[in-house]
Amino acid sequence: MLETATNGFASFIRSLGWIVHIAALQKLRLFKVEDTKGQITYVVAPDIARTMEIYCADAPLHDGQRRMFRIVDGFFDLPPERLANIHALLELGPVGIVDFDVDAGWSLRMG
């Protein structure tokens, strides 16, 4: 990565390794992943492909298992009180799954 990647930022995700995102070209976005059980996961990533990769790496499937989910714009129905510090997180990253805390705002899920 250090020899061939374009200048930019990199984020480390334990299950995936290093992910390079180029700030000027790949603006980070907030995505909402909703599975068929109604569980909602928020992901900061440059695009839907990276969102899917991060989401699936967080909860890998076992042989024979299937998973259905949809990925939408995370801002679509986000209540105004949840806008706290999300823009700062989207400005530079890191990429990954994020959680919202009423007192602390958005933060990267460590796991």
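To be clear, the structure that these remarks concern was listed above.
Each value, and the rule that gives it
Residues numbered from 1 in each chain as written. Predicted model: local features only at pLDDT ≥ 70, side-chain atom pairs only at ≥ 80, totals over all residues. Heavy atoms only, no water. Helix = DSSP H or I, 4+ residues; strand = E, 2+ residues; numbered from the N terminus. Buried < 20%, exposed > 50% of the residue type's maximum accessible area, 1.4 Å probe, protein only. Contact = heavy atoms within 4.5 Å. Core = buried A, V, L, I, M, F, W, Y, C linked by side-chain atoms within 4.5 Å. Pairing = 2+ DSSP bridges. Axes fitted to C-alpha atoms, helices over the stretch in contact; angles between N-to-C directions.

A. The arrangement of the side chain of threonine 41 in detail. Note on placement: threonine 41 falls in strand S4 (residues 40-45). The exposure class assigned to threonine 41 is buried, which follows from its relative accessible area of 5%. Excluding residues within four positions of it along the chain, threonine 41 makes contact with Phe31, Lys32, Val33, Tyr55, Ile97 and Arg109.

B. Up close: the environment of isoleucine 86. As for its position among the elements, isoleucine 86 is in helix H2 (residues 86-92). A relative accessible area of 0% places isoleucine 86 in the buried class. Along the primary structure isoleucine 86 and valine 98 are separated by twelve residues, whereas in three dimensions their C-alpha atoms are 9.7 Å apart. Not counting the four nearest positions on each side in its chain, isoleucine 86 is found in contact with Leu30, Phe75 and Trp106.

C. The arrangement of unusual backbone geometry in detail. We note that asparagine 85 has phi near 60 degrees; this positive angle belongs to a residue other than glycine. The topology assignment puts asparagine 85 in the loop between strand S5 (69-73) and H2. Its relative accessible area of 36% is what places asparagine 85 among the partly exposed residues.

D. Examining the nonpolar core more closely. In terms of nonpolar packing, the biggest core is built from 21 residues, with Leu30, Val44, Ile54, Val98 and Trp106 touching the most fellow members. Breaking this core down by element, the ones donating at least two residues are strand S3 (29-35), S4, helix H1 (48-58), H2 and strand S6 (96-101). At four residues, the largest contribution of residues to this core is made by S4. With residues near it in sequence (within four places) discarded, valine 98 still touches Leu30, Tyr42, Val43, Val44, Leu89, Trp106, Ser107, Leu108 and Arg109.

E. Just the sheet that holds S6, in detail. Judged by pairing direction, the sheet is antiparallel, and its five strands sit side by side in the order S5-S3-S4-S6-S7 without closing on themselves. Both outer strands of the open sheet, S5 and strand S7 (105-108), are each paired with one neighbouring strand and no more. Neighbouring strand axes in the sheet, compared pairwise and without regard to direction, differ in orientation by 35 degrees on average. Where S6 lies against S7, four bridges are found, and the strand directions are antiparallel. Its bridge partner lying in S7, valine 98 is registered against leucine 108. Each of S3, S4, S5 and S6 is contacted by H1, which is oriented at about 130 degrees to S4, the strand it contacts most.

As far as function goes, none of this settles anything; it's purely spatial.
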